[in-house]
Amino acid sequence: MAYVHRCANNMSQVYLTNERRYNYTTPKTFLELISLYLNMLSSKNKELTDNIERLENGLTKLINTASQVDDLKEKLAAQEIELKQKNEDADALIQRVGVETEIVQKEKAIADVEEKKVVVKAEEVSVKQRSCEEDLAKAEPALIAAAAALDTLNKNNLSELKAFSQPPPAVLMVVSACVVLLAPPTKIPKDRSWKACKIVMGKVDQFLDSLIHYDKENIGENNLKEVQRYLDEPEFTYENILTKSLAAAGICSWAVNIVSYYRIFCDVEPKRMALKAANEELAFAQEKLSKIQSKLKSLNDNLAGLTREFEEATSAKLKCQQQAEETAQTISLANRLVGGLGSEKVRWHDTIAQYKQELVKLPGDVLLSSAYLSYMGCFGRIYRVDLLDNYWLPFFKEMKPAVSFTEGLDLLKLLTDDAKIATWNNENLPNDRMSIENATILLNAERWSLMIDPQLQGVKWIKTRVGSELKVVRLGQRGYLDTIERAVSSGDTLLLENIGESVEPVLDSLIGRNTIKKGRYIKIGDKEVEFDPRFKLILHTKLANPHYKPEMQAQTTLINFMVTREGLEDQLLADVVGYERPDLEKSKAELTKQQNDFKIKLKELEDSLLHRLSSAKGNILKDTALVENLEITKATAQDIEIKVKEAKKTEEQINVTRESYRPVAARAALLYFILNDLHKIHPMYQFSLKAFKVVFEKAINRAPAAETIKERVETLIEYVTYAVFNYTSRGLFERDKIIFTTQVVFQILLAAKDIDALELDFLLRFPIVPNVVSPVDFLSNYAWGGVKALSAMEQFRNLDRDIEGSAKRWKKFVESECPEKEKFPQEWKNKSSLQKLCMMRALRPDRMTYAVKIFVEEKLGRKYVEGRGIDFAKSFEETGPETPVFFILSPGVDPLKDVEIMGKKLGFTGDKNNFHNISLGQGQEIVAENSLDMSAEQGHWVVLQNIHLVARWLPALEKKLESTGSSGHKDYRVFMSAEPSATIESHNIPQGILESSIKITNEPPTGIRANLHAAMDNFSQDTLEMCAKENEFKSILFALCYFHAVICERRKFGPQGWNRIYPYNMGDLTMSVNVLFNYLEANAKVPWPDLRYLFGEIMYGGHITDDWDRHLCRTYLEEYMRTELLEGDMEYSPGFNCPPNLDYNGYHEYIDDVLPPESPYLYGLHPNAEIGFLTTASDNLFKTVLEMQPKDMGASDAGGMSREEKIKNLLDEILDKLPEEFNILELTARVEDRTPYIVVAFQECERMNTLTKEMKRSLKELDLGLKGELTISPHMESIGNSLYFDNVPDMWTQRAYPSLNNLGAWFLDLLARMKELENWVSDFQMPTAIWLSGFFNPQSFLTAIMQSMARKNEWPLDKMCLQCDVTKKNREDFTSAPREGAYIHGLFMEGARWDVQTGVIQESRLKELSPTIPVIFIRAVPVDKQDLKNMYPCPVYKTKQRGATFVWTFNLKTKEKSSKWVIAGVAVLLQI
């Protein structure tokens, strides 16, 4: 673990050196690694153990199932024999049942017939019975009445009747009728006297009983006939007789009713007889039926018995059959289970073995994984692979005892699986390896994740993944702390979006997870908030290269979510195919989604199958549903696997067509990463991926159609490249456009492998062989050093010999005006374009800018070098509420005029109150915010000028633009302007503003012709005619315009043009013209001195801070503002006289017709000035392009050294060659008289010691850093970068002398200075000739010359000056120092040369940029004795940078006017 930590620390230092990105490894990081390792080891061990247990359970079930099959087969055979016997028994029974059933059916048929007869007979009897009953019912009342009558009779009243001696006739008649009825039919008494009647009534009881039990249904016919006579008597009524005797009345009533009943009964009797007969027949039939049914019942009982036996036999047979079927089914299920999962059995067995092996190697695997999670997140892909493959794994293999780990382990497989990755891809995570690794780290790390995500791809995935449950908050927004507190207590996932390089201290406890009260609470500010363990915090920054403090990085896991080229290429491929073949891309997207879903489903099915099988209880062969489910699961999985294979084939077919468009995506991805590196040139150059994709889409839509895909792809590549070029170029300064274009062409050619990377590395670095002497007069020693270095390469072997051997031909080529357009001599003309550039850089570095443009034109096309501006109207078409315009300001240019013109055209003006122009400054922030809010709502335009002046408000502006842009009116537009910062440190424009904006640079016109036209454009014909002194006014006005054009454009010549850059603008010119008008109107004559003073000291001079620049300005005015101007015979520059009196258009035509082509002569400079300017520009071009090269390219030189090795070698070389420091005490002890010269020597030794001490200290510190013994600090990083890029570290330059040399030349120069100083202090004798350039402070030596002379002659020091006499000798020609003053050497002249023969300043020779000056004799003289006649007060500077490096003024002889050399920028330089 300690080694892992050290390696990560060392890699962080390399990462810092190469990528300028900070990643810290702290002790807390190491402790977190230990904690994570223990937790992961425990969880992974449990996970593997559970998996093994599940698989073993599944295998056990399969093995048991297979072993049961034979037993089940034997059981099935026995069951089949038993089933056969039972089938035979059942068949015999069914035959018997059939016979008996047939008998029963026949008997039942007979019974059914008889039963029908009985039913019919019973119906007949029922009818007759009902009829009889109805008739009898009619007789019933009579019978009842008779009975009732009898009820009236009793012994008493009968006795009373009987007691009548002579009853009434009516009574007698009644009794007589009764006697008749009681008499037998054959013995009806004729004597019916009362006596006879009494006899009949003899015994009352018997008489009454005979009446009661009278046979009422069998009255004799005679009886009936006799009694009828009585009944017919009128008096024979109950009512009548009742009056006579109650008993007689009762007998009367009985007799009447009995007769009546009998008569009715007689009518019913036949029916009763018929009914009786019918009943007898019915009884007979029923008896017969009963017998038949009895027999049938016996048969049915027998049949039922047989049926029961049959059913029992059938049931036994079915049970046996079911058992056999179950056994067969069990065998089938077992076979299906064993057969279907046979492949799984093999795989599970192998997986168990693999898991057991993984268990053994788990400690090492988990160590790698936990280290990966803890340390890898911040690194880019290359560094992750390097750290793992070249450090961790080799160390683990070599350890004794060795750390056991899985060979070829893919850490992702240990931390996630394909199904999870597929899910992430469905949630909008890019499918490249880097993104998948980042997602794995984010979801598995225990510390909170901090995403570096400028392209917002990681945030997009998180928001999709978590969905509506995600709580998103930004620091500083209203109520953000409340939102955080709720999320912490509710266990939500919280995204802290768009943080800067630091967060509020109030959140320190939350980020550090510093819980209290046993982890139940956490402090947020002064509040104790309940901490839910489910809470998860994700931090996010849009900063591309944030620098988080070690404390922050220790508390979080940094994850580099920046888009990779691989990932972006895939995204852009999907975009371009989506535009070109939406059907294809839709199919691809659907297939990808389907494939991802398949992976997820397969994983679910596999887990489900294994879970069901391993968790099944008892005999799984009894669980048919389980086996069928397992079978369905397996079948589904196999079906999905088939579909996966089919989908892969379809995908391959789709990919064939999709891949045709990959070159377009590859080119676009390449261009984006070039854009992404432009901030290295200037921090203003920030571009977002979102805006880039918009440009990409528009380029595709604008590209014309083609007949074939190949032609279409070529067209798309061209249109995309040019669209991105235009989009980017409009936001770049002119000086940076060639850098961008060069980087584009080189990267395109490298990607296509059309150029050699080593040749490109040479071109960019341009190493030279030092200390060589050029054998030819047309090449300097420096150039020859480049030729020698080039000749060491195989492709350029013998170049140096050919140049020497064919010097004339090469001289003609080198000294041609435009060598880049000429053919190289000999066979060198057949070299590749890049090889020609390499040679051109050695031979004519000043022409490299033009050569590169020709190279770009050859490789990409002319339109990439034409430099045409983009009309603002076209840029405006790309704007929107969310896309503001950002003007990068340049001195003297007002870009807002274009906005005002466009506003008027579209109806947005200040008069309509829908155009708000706000110049930002103190107190204007509130005004701006209110205007933005109102404009977003109502669709107005807002102009925010000079936003760089309100640096503290800019973060609020960024948020305001984002909020108003997302919800603003469709017509809402924002235009901003700001000056570019001079340094990276002073840059204050937020990245979000720059990325979301369309950046436009507006620079002054280039070239004196364009500048002169632009100057004249400030005026009109009315201006020319407004002064009474028209001729004077026009002439001086034109002179002012020319003066303005010259001093503005002279800036391009660098320090030779102006020591410092000044913001001259059109306001200076227009104000000067106003002053001119006023002074001409107020004076009879032209007041030349006044005008020159006003123009040179106030209007333009007000900008100037350098005395020599002020002197130059005055000199220009003295040359242009003089009487000859009005006479018409003054020459501004060779070939360009002052114009005659013309009108406004005439002056423009005069400029076009007469002004010579652009050249240094127009500025009063020598053509060499342009060479120097161009050489500097080309050096800057290649230096910048070198720094922009991808770190994986150019990371090793021709010798194959890595960047770190190269730095280490150079570091060791410098430390080895650096001499010991000067012993000041020892030197002091040797000196008796501290003369001014010796004092200077001591001062130089002390300064040298300070420098060398710092060099040794910083180099040793860096060495320890490279060894991993110290953490790389920003200072160490800066030194490492400087060593690698051959630059002098800033920490050294701060203690050193000014120098423009690269590190190699600077160090050689340093050693030479130390040697010179050592020689001097060895005996403290004045050297024969002093190398003035070798001093830290040459002024001190020059002052010492005056001090020595002043002491010697006792002259006042303030009345003395130096006299410079240039000798005709070189240093070697002198053998001793002068008695007074000193000889100095090592000086150079820029802008002119010293003619040794004439002893005066002369014009430079062409291409001789900085000729040496012979030894100069410097001595001190009184001021009043110095000779200033025909002298040019020449400034002396330490370097070509001039300005602050000013040393002295040397008066040098000249035959020309001094003003010529002033304008030519002539100066003496101590070093070049």
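Residues numbered from 1 in each chain as written. Predicted model: local features only at pLDDT ≥ 70, side-chain atom pairs only at ≥ 80, totals over all residues. Heavy atoms only, no water.

1. Here we look at the overall build of the chain
Here's step 1: The secondary structure content of the chain amounts to 53 helices and 26 strands.
Here's step 2: Relative to a compact globule of 1472 residues, whose C-alpha radius of gyration would be 35 Å, the chain shows 62 Å and is clearly more extended.
Here's step 3: By principal-axis analysis of the C-alpha atoms, the chain measures approximately 225 × 90 × 70 Å.
Here's step 4: Within the chain, contacts between residues separated by at least 24 positions form 76% of all contacts whose residues are at least 6 apart in sequence.
Here's step 5: Here the chain contributes 185 positive and 210 negative side-chain charges, whose respective centroids are spaced 2 Å apart. (Helix = DSSP H or I, 4+ residues; strand = E, 2+ residues; numbered from the N terminus. Rg over C-alpha atoms; globule rule 2.2 N^0.38 Å. Contact = heavy atoms within 4.5 Å. Lys, Arg positive; Asp, Glu negative; His and termini not counted. Charge placed at Lys NZ, Arg CZ, Asp CG, Glu CD.)

2. Details of helix α31 (residues 848-859)
Helical geometry note: an α-helix holds 3.6 residues per turn, so side chains three or four residues apart project in the same direction.
Here's step 1: The end-to-end C-alpha distance of α31 is 16 Å, a good match for the 16 Å that 12 residues give at a rise of 1.5 Å each.
Here's step 2: Among all positions in α31, only M848, T849, A851, V852, F855 and V856 are buried. Axial view of α31: buried residues confined to an arc of 160 degrees, hence all on one face.
Here's step 3: On its buried face, α31 sits against α25 (734-751), α26 (757-765), α30 (833-843) and α45 (1167-1188).
Here's step 4: One or two positions beyond α31, positive phi appears at G861, with a value near 130 degrees. (Expected span 1.5 Å × (residues − 1). Buried < 20%, exposed > 50% of the residue type's maximum accessible area, 1.4 Å probe, protein only. Arc of directions from axis to C-beta.)

3. Thoughts on the packing of aromatic side chains
Here's step 1: The final tally for this structure, using the stated rule, is 62 aromatic pairs.
Here's step 2: Here W810 and F813 contribute two aromatic rings whose centre-to-centre distance is 6.2 Å and whose plane-to-plane angle is 85 degrees, an arrangement assigned as edge-to-face. Of this pair, W810 and F813 both sit in helix α29 (residues 807-814), three residues apart, roughly one helical turn.
Here's step 3: The exposure class assigned to W810 is buried, which follows from its relative accessible area of 0%.
Here's step 4: Summarising the aromatic geometry, the rings of F1038 and Y1150 are spaced 6.5 Å apart at their centres and angled 80 degrees between planes, so their arrangement reads as edge-to-face. Taken together, the positions of F1038 in helix α39 (residues 1030-1049) and Y1150 in helix α44 (residues 1144-1154) put the pair 112 residues apart, joining distant regions of the chain. Considered together, F1038 and Y1150 belong to a single accessibility category, that of buried residues.
Here's step 5: In this structure, K863 is placed above the aromatic ring of Y722, and the distance from its NZ or CZ to the ring centre is 4.3 Å. (Phe/Tyr/Trp six-rings, centres within 6.5 Å; stacked < 30°, edge-to-face > 60°. Lys NZ or Arg CZ within 6 Å of the ring centre and 35° of its normal.)

4. Quick look at the sheet that holds strand β23 (residues 1416-1422)
Here's step 1: Judged by pairing direction, the sheet is mixed, and its four strands sit side by side in the order β16-β18-β23-β17 without closing on themselves. Unpaired on one side and paired on the other, β16 (1330-1331) and β17 (1360-1366) mark the two borders of the sheet.
Here's step 2: Pairing of strand β18 (residues 1382-1385) with β23 involves three bridges; the strand directions are antiparallel. If you follow I1384 over to β23, its bridge partner there is I1416.
Here's step 3: Contacting β16, β17, β18 and β23, helix α52 (residues 1338-1353) crosses the sheet at an angle of about 115 degrees to β17. (Pairing = 2+ DSSP bridges. Axes fitted to C-alpha atoms, helices over the stretch in contact; angles between N-to-C directions.)

5. Brief notes about the sheet that holds strand β26 (residues 1467-1469)
Here's step 1: Across the sheet, five strands lie side by side as β22-β19-β26-β24-β25; this open sheet has mixed pairing. Strands with a single pairing partner mark the edges of an open sheet, and in this sheet they are β22 (1412-1413) and β25 (1446-1453).
Here's step 2: Sheet topology places strand β19 (residues 1387-1390) next to β26; three bridges connect them, and they run antiparallel. Bridging across to β26, E1390 finds its partner in A1467.

6. What to know about a negative patch on the surface
Here's step 1: Judged by side-chain charge, D1022, E1025, D1143, E1149, D1152 and D1153 come together as a negatively charged surface patch.
Here's step 2: Broken down by element, the negative patch gets its largest block of residues, three residues, from α44.
Here's step 3: Within the fold, E1149 resides in helix α44. (Patch = residues over 30% accessible without salt bridge, like charges linked within 9 Å, V, L, I, M, F, W, Y side chains within 5 Å. Areas by Shrake-Rupley, 256 points an atom, 1.4 Å probe, with all protein chains shown as cover. Salt bridge = Lys/Arg side-chain N within 4 Å of Asp/Glu carboxyl O.)

7. A look at a nonpolar patch on the surface
Here's step 1: Together, Y238, L242 and L246 make up a nonpolar patch on the protein surface, roughly 240 Å² of accessible area in all.
Here's step 2: Mapped onto the elements, L242 comes out in helix α8 (residues 238-242).

8. Quick word on the side chain of N1451
Here's step 1: With respect to the helices and strands, N1451 occurs in strand β25.
Here's step 2: Relative accessible area serves as the criterion here: at 16%, N1451 is assigned to the buried category.
Here's step 3: Among all residues touching N1451, those that are not within four sequence positions of it are C1364, Q1426, L1428, M1431, Y1432 and P1433.

9. A closer look at the packing of helix α27 (residues 781-791) against α30
Here's step 1: Two elements in contact, α27 and α30, have axes whose closest approach is 7 Å; the angle formed by their N-to-C orientations is 150 degrees. One element, α27, and the other, α30, form an angle in the roughly antiparallel class. Touching A783, G786, V787 and L790 of α27 are C838, M839, A842 and L843, all from α30.
Here's step 2: When grouped by side-chain class, the residues that make up the contact of α27 with α30 number seven nonpolar, one polar and no charged. (Parallel < 35°, antiparallel > 145°, perpendicular 65-115°, else oblique. Nonpolar A, V, L, I, M, F, W, Y, C, P; charged D, E, K, R; others polar.)

10. Concerning the confidence of the model for the chain
Here's step 1: Per-residue pLDDT for the chain has a mean of 84; in total, 91% of the residues score no lower than 70.
Here's step 2: Within the chain, no element has a lower average pLDDT than helix α3 (residues 155-162), which sits at 70, and none a higher one than β26, at 96. (pLDDT = per-residue confidence, 0-100.)

11. Focus: the pairing of strand β6 (residues 527-530)
Here's step 1: Examined bridge by bridge, strand β5 (residues 521-524) and β6 share four bridges and lie antiparallel to one another. When the sheet's bridge partners are listed, I522 is paired in β6 with V529.
Here's step 2: Between the end of β5 and the start of β6, which pair antiparallel, lie two residues, with G525 showing a positive phi angle near 70 degrees.

12. Concerning the state of the cysteines
Here's step 1: One pass over the full model with this rule turns up zero disulfides.
Here's step 2: C178 forms no disulfide, and the closest cysteine sulfur to it belongs to C197, at a distance of 8.6 Å.
Here's step 3: Classification of C178 by relative accessible area gives buried; the value is 0%.
Here's step 4: The closest cysteine sulfur to the non-disulfide-bonded C1041 is located on C1048, 11 Å from its own sulfur. (Disulfide = S-S within 2.5 Å.)

13. Regarding the nonpolar core
Here's step 1: Core analysis: the largest hydrophobic core is formed by 258 residues, its most contacted members being F746, L944, W1292, W1306, F1341 and F1450.
Here's step 2: At 13 residues, α39 tops the list of elements feeding residues into this core.
Here's step 3: When near neighbours in sequence (up to four residues on either side) are disregarded, W1292 contacts I1214, L1251, E1254, M1255, S1258, L1259, L1283, L1303 and W1306.
Here's step 4: Residues Y3, V14, L55 and L429 belong to the second largest nonpolar core, which totals 83 residues. (Core = buried A, V, L, I, M, F, W, Y, C linked by side-chain atoms within 4.5 Å.)

14. Digging into the pairing of strand β13 (residues 998-1001)
Here's step 1: Residues of β13 alternate between two faces, with I998 and I1000 on one and K999 and T1001 on the opposite face, all of them buried.
Here's step 2: Where strand β9 (residues 885-888) meets β13, four bridges bridge the pair, whose relative direction is parallel. In the sheet register, V885 faces β13, and the bridge partner there is I998.

15. A word on the environment of A170
Here's step 1: Relative to the elements of secondary structure, A170 occurs in helix α4 (residues 169-182).
Here's step 2: Taking C-alpha positions, A170 is 9.3 Å from T237, a pair spaced 67 residues apart along the chain.

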